[in-house]
Amino acid sequence: MNFGIIGAGKMGFSLGKYLKENNINLVGYYSKSEHSSKEASTFTNTKQYVKLENLVQDSDVILITTQDSQIKTVWDNLISFPINNKIICHLSGAKSSEIFSNINQYGAYGYSIHPILAISDKYNSYKNISKAFITIEGDKKYINYLKNIFLSIGNKVLLINKENKSLYHEACVSASNLIVPIIDQSIKHLEKCGFEKNIAIEALYPLIEFNIKNIKEKGVLNSLTGPIERCDLETIKDHYYALDDEDKELYTILSRHLLKITKIKNCEKDYSKIEKYLGEQYEKYSCNF
């Protein structure tokens, strides 16, 4: 089948290059920005489409790689053309295939495809997509075809339900985006201790890297370390004394969740004093949220 891409941003560049490098027949790009579609088509050695209708005609599978807010607009434009038997896919992690409203009336088939990967560089991120887990949901007719496309080029693939898309995307955001302010806080605290920023990042990187490695190899429970895991209330109190009120809020929320996990691992330990202390801190600082 011929694949065509609508949207020439970071995802469009990266996915298109990845498919082309793996011998998937990518015909080319259409974008609101002719400059972007030209650049993407040059990058992937494919065709630039100035008219959306022409890309639709040439494509069996249409991949919409625009921002989430533009997917519905693209769909509304697509239904003005013959799309019978076309496979229409978007790459949003948060939106389901239901965004293609009344797609059955047009004889087309809708899907959402999402690589669990941060696409940050339109020229280089394609090199990492082979490592990404791919999730797919949508119409039964071609879902296994799409699954097998990615399996054949080396990705792991999971089919998910449209009802779970929001929770699924939240999980990805928590692991990818919400961890950033936590690391940023650690960097700032090390800077207060006299570290230069680049040195702070360099110092923290092995700690972060090996934690992730341990979680992959041993699981969450067997990767737990630190004062909560070893029931060290005095160190936890020392942390509070060193933090300002805003940082105490975050420390409290995360520590309470960490304690829940720790109690599963060490069910024989008595964490009641830490639980009481964290509860007191939560009551003290939660009113600031």
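None of the values given here were measured: they were computed from a predicted structure.

**Here we look at the overall build of the protein**
Line of reasoning, step 1. A tally of regular secondary structure across the protein gives 11 helices and 8 strands.
Line of reasoning, step 2. Relative to a compact globule of 289 residues, whose C-alpha radius of gyration would be 19 Å, the protein shows 24 Å and is clearly more extended.
Line of reasoning, step 3. Projected onto the principal axes, the alpha-carbon positions of the protein cover approximately 70 × 40 × 35 Å.
Line of reasoning, step 4. Looking at the protein residue by residue over its 289 residues, the buried ones come to 41%.
Line of reasoning, step 5. Considering only intrachain contacts with a sequence separation of at least 6, the fraction spanning at least 24 residues in the protein is 58%.
Line of reasoning, step 6. Here the protein has roughly 16,400 Å² of accessible surface; of this, 52% comes from carbon and sulfur atoms.

**With respect to the nonpolar core**
Line of reasoning, step 1. In this structure, Leu19, Leu63, Cys89, Tyr111, Ile113, Ile136 and Phe150 are the most contacted members of the largest nonpolar core, which totals 33 residues.
Line of reasoning, step 2. Beyond its immediate chain neighbours, meaning those up to four positions away, Leu63 contacts Phe3, Gly4, Ile5, Ile6, Leu15, Leu19, Cys89, Leu91 and Ile113.
Line of reasoning, step 3. Listed in part, the 20 residues of the second largest apolar core include Tyr30, Val56, Ile71 and Ile99.

**Observations regarding the domain arrangement of the protein**
Line of reasoning, step 1. Here the protein is described as being made up of domain 1 (3-161) and domain 2 (178-287).
Line of reasoning, step 2. Here the C-alpha centre of domain 2 lies 40 Å away from the C-alpha centre of domain 1.

Basis of the calculations
Residues numbered from 1 in each chain as written. Predicted model: local features only at pLDDT ≥ 70, side-chain atom pairs only at ≥ 80, totals over all residues. Heavy atoms only, no water. Helix = DSSP H or I, 4+ residues; strand = E, 2+ residues; numbered from the N terminus. Rg over C-alpha atoms; globule rule 2.2 N^0.38 Å. Buried < 20%, exposed > 50% of the residue type's maximum accessible area, 1.4 Å probe, protein only. Contact = heavy atoms within 4.5 Å. Areas by Shrake-Rupley, 256 points an atom, 1.4 Å probe, with all protein chains shown as cover. Core = buried A, V, L, I, M, F, W, Y, C linked by side-chain atoms within 4.5 Å. Domains from an automatic or database assignment.

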